Amino acid sequence: MADAEHNSIYGPVDSWRLGRSLGVDVLCVDSICSFECVYCQLGKINRVTSERAVYVPTEKVISDLRNADWQSADVITFSGSGEPTLAANLGEIITAIRDLTGKPIAILTNSTLLGDAIVRAEAGLADRVYCKLDAWSEDSLRRVDRPAAGVSLGSIVSGIRQFRKEYKGFLGIQTMLLTRPADADIERLAELYRVIGPDEIELNIPLRPIPSEWVLESRGNITGRPEGMHVLKTMEPSEAGEIGSRIAGLTGIRVITPFDRPPQN
Ligand code: SF4
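Residues numbered from 1 in each chain as written. Predicted model: local features only at pLDDT ≥ 70, side-chain atom pairs only at ≥ 80, totals over all residues. Heavy atoms only, no water.

Asker: What am I meant to see in the overall build of the protein chain here?
Answerer: Within the protein chain, the regular secondary structure consists of seven helices and twelve strands. Its C-alpha atoms give the protein chain a radius of gyration of 17 Å, within 12% of the compact-globule value 18 Å for 265 residues. Along the first, second and third principal axes, the C-alpha atoms of the protein chain reach 50 × 45 × 35 Å. For the protein chain, the proportion of its 265 residues judged to be buried stands at 56%. Taking the contacts inside the protein chain whose residues are at least 6 apart along the sequence as the reference set, 76% of them involve residues at least 24 apart. Of the accessible surface of the protein chain, which amounts to about 11,200 Å², a share of 49% is contributed by carbon and sulfur atoms. Across the protein chain, the mean location of the 29 positive side-chain charges is 4 Å away from that of the 36 negative side-chain charges. (Helix = DSSP H or I, 4+ residues; strand = E, 2+ residues; numbered from the N terminus. Rg over C-alpha atoms; globule rule 2.2 N^0.38 Å. Buried < 20%, exposed > 50% of the residue type's maximum accessible area, 1.4 Å probe, protein only. Contact = heavy atoms within 4.5 Å. Areas by Shrake-Rupley, 256 points an atom, 1.4 Å probe, with all protein chains shown as cover. Lys, Arg positive; Asp, Glu negative; His and termini not counted. Charge placed at Lys NZ, Arg CZ, Asp CG, Glu CD.)

Right, dumping it as structure tokens:
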């Protein structure tokens, strides 16, 4: 369980897509996720799991929020030390935060639990949901996202599709690309976007520094290259921009990248 040193609220930080975003970390006792992405800014996922549990009591999150500068935030965003839908009290916390602040609420999810109707219902309480989709094949999923046992690209895509059918709010798909995919793979990715039908696709490349092990601070915006952290070698931002234009043409869906402004969250 979280103690007083593990504040479940962080920021606000400036996010390129969300504006001034106050972070809610419903996992802050450890780094906990159903993926171990090679580019993860948390450094290391200490608990790789697809099992939901209560990690931070709802009362602690609300108490931390009351002590935070939530009034200056444009949006309250669930992200933090791993995959927020792994918190079994996610829905309860969203409802309590909405009652307290009246602010728009966003969730960044890796999409792996969206096959679960309860998770879809809880995530659907948010105003904006951003679903990760980095892969176009089982092989690319295993190489880049390194999922927990039982997670496949098929289960992820079908979970997002089902969520899209049920959810009335804003659905964004977030894709992190390290190197330029082959043309055929860009087309496969475009086909997945088409069958999902999101409101927007966000393409990004991992530019943030990565610590060698999880530290709570890694959930926020760390810039530069602090000692002990490394950055990945990736394709050029301009290449990601080109791929974005290609995908927009193939799908007819709006594609955005952060490269027309300084890279941030
Ligand atoms: S889904 Fe997010 S938190 Fe989980 S390993 Fe990937 S980047 Fe890290």
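Back to the text.
Asker: What should I look at first to understand unusual backbone geometry in this one?
Answerer: Peptide bonds are trans in most cases, and residues, glycine excluded, mostly fall at negative phi. Along the chain, Gly11 connects to Pro12 via a cis peptide bond; the corresponding omega equals 5°. Relative to the elements of secondary structure, Pro12 occurs in strand E1 (residues 9–15). At Ser111, a residue that is not glycine, the phi angle is positive and equals roughly 75°. Mapping Ser111 onto the fold places it in the loop between strand E6 (105–109) and helix H3 (117–123). The exposure class assigned to Ser111 is buried, which follows from its relative accessible area of 0%. One non-glycine residue, Arg146, adopts positive backbone phi at about 45°. Topologically, Arg146 is positioned in the loop between helix H4 (138–145) and helix H5 (153–166). The exposure class of Arg146 is partly exposed, given its relative accessible area of 39%.

Asker: Quick question: what am I supposed to make of the pattern of salt bridges here?
Answerer: For side chains bearing opposite charge, pairing can occur when the charged atoms are close. Applying the stated criterion across every chain, the model contains 18 salt bridges. Residues joined in a network through salt bridges with shared partners are Arg180, Glu239 and Glu242. (Salt bridge = Lys/Arg side-chain N within 4 Å of Asp/Glu carboxyl O.)

Asker: Looking at this model, I keep getting lost on the sheet that holds E1. Mind explaining?
Answerer: Whether parallel or antiparallel, the strands of a sheet pair through hydrogen bonds between backbone atoms. Strand order in the open sheet made by the eight strands is E1-E2-E5-E6-E7-E8-E9-E12, with mixed pairing throughout. Both outer strands of the open sheet, E1 and strand E12 (255–256), are each paired with one neighbouring strand and no more. With five bridges connecting them, E1 and strand E2 (residues 19–24) associate as antiparallel partners. Bridging from a neighbouring strand, Ser15 pairs with Gly19 of E2. Strands in contact with helix H6 (residues 183–196) are strand E8 (170–176) and strand E9 (200–204); relative to E8, the strand with the most contacts, it is inclined by about 165°. Across the face of the sheet, helix H7 (residues 237–251) comes into contact with E9 and E12 while running at roughly 160° to E9. (Pairing = 2+ DSSP bridges. Axes fitted to C-alpha atoms, helices over the stretch in contact; angles between N-to-C directions.)

Asker: Where do I start with the layout of surface pockets in this structure?
Answerer: With a probe scaled to a water molecule rolled over the atoms, the places where space remains empty come into view. Reported here for the second largest pocket is a volume of approximately 180 Å³. As for the second largest pocket, its lining consists of Val38, Asp134, Trp136, Arg143, Val144, Met176, Leu177, Leu178, Thr179, Arg180 and Pro181. Its residues assigned to classes, the lining of the second largest pocket comprises seven nonpolar, one polar and three charged. (1 Å grid on protein atoms, 1.4 Å probe; cavity = no way out; pocket = protein on both sides within 12 Å on 5 of 7 lines; lining within 4 Å. Points joined across faces, edges and corners; volume = space filled by probe spheres on them. Nonpolar A, V, L, I, M, F, W, Y, C, P; charged D, E, K, R; others polar.)

Asker: Whenever I open this one, the site of the ligand confuses me. Can you help?
Answerer: Neighbouring residues of the ligand: Cys33, Phe35, Glu36, Cys37, Tyr39, Cys40, Leu42, Ile45, Gly82, Asn110 and Lys132. Taken together, the residues of the shell around the ligand break down into seven nonpolar, two polar and two charged. (Near = heavy atom within 4 Å.)

Asker: Which parts of the structure should I look at to understand the nonpolar core?
Answerer: In globular proteins that are soluble, nonpolar side chains generally tend to be buried together. Ranked by size, the top nonpolar core spans 73 residues in total, and within it Val24, Phe78, Ile97, Leu133, Ile160, Tyr193 and Ile247 carry the most contacts. When sequence neighbours within four positions are dropped, the list of residues in contact with Phe78 reads Val24, Val26, Pro84, Leu90, Ile93, Ile94, Ile97, Ile105, Ala106, Ile107 and Leu108. (Core = buried A, V, L, I, M, F, W, Y, C linked by side-chain atoms within 4.5 Å.)

Asker: Even after reading the chapter, I still don't get the state of the cysteines, so can you show me in this structure?
Answerer: As used in these notes, a disulfide is a covalent bond between sulfur atoms, one from each of two cysteines. In total, this model carries zero disulfides according to the counting rule given. Lacking any disulfide linkage, Cys131 is separated from the closest cysteine sulfur, that of Cys33, by 13 Å. Given a relative accessible area of 0%, Cys131 falls into the buried group. (Disulfide = S-S within 2.5 Å.)

Asker: Hey, could you run me through the side chain of Ser81 in this one?
Answerer: Structurally, Ser81 can be placed in the loop between strand E5 (75–78) and helix H2 (90–101). On the accessibility criterion, Ser81 (0% relative accessible area) is buried. Only 2.6 Å separates the side chain of Ser81 from the side chain of Asp25, close enough to count as a polar contact. Excluding residues within four positions of it along the chain, Ser81 makes contact with Asp25, Leu27, Cys28, Asp30, Ser31, Ile32, Leu42, Trp214, Leu216 and Arg219. (Polar contact = N/O pair within 3.5 Å; in protein donor to acceptor, adjacent residues only side chain to side chain.)

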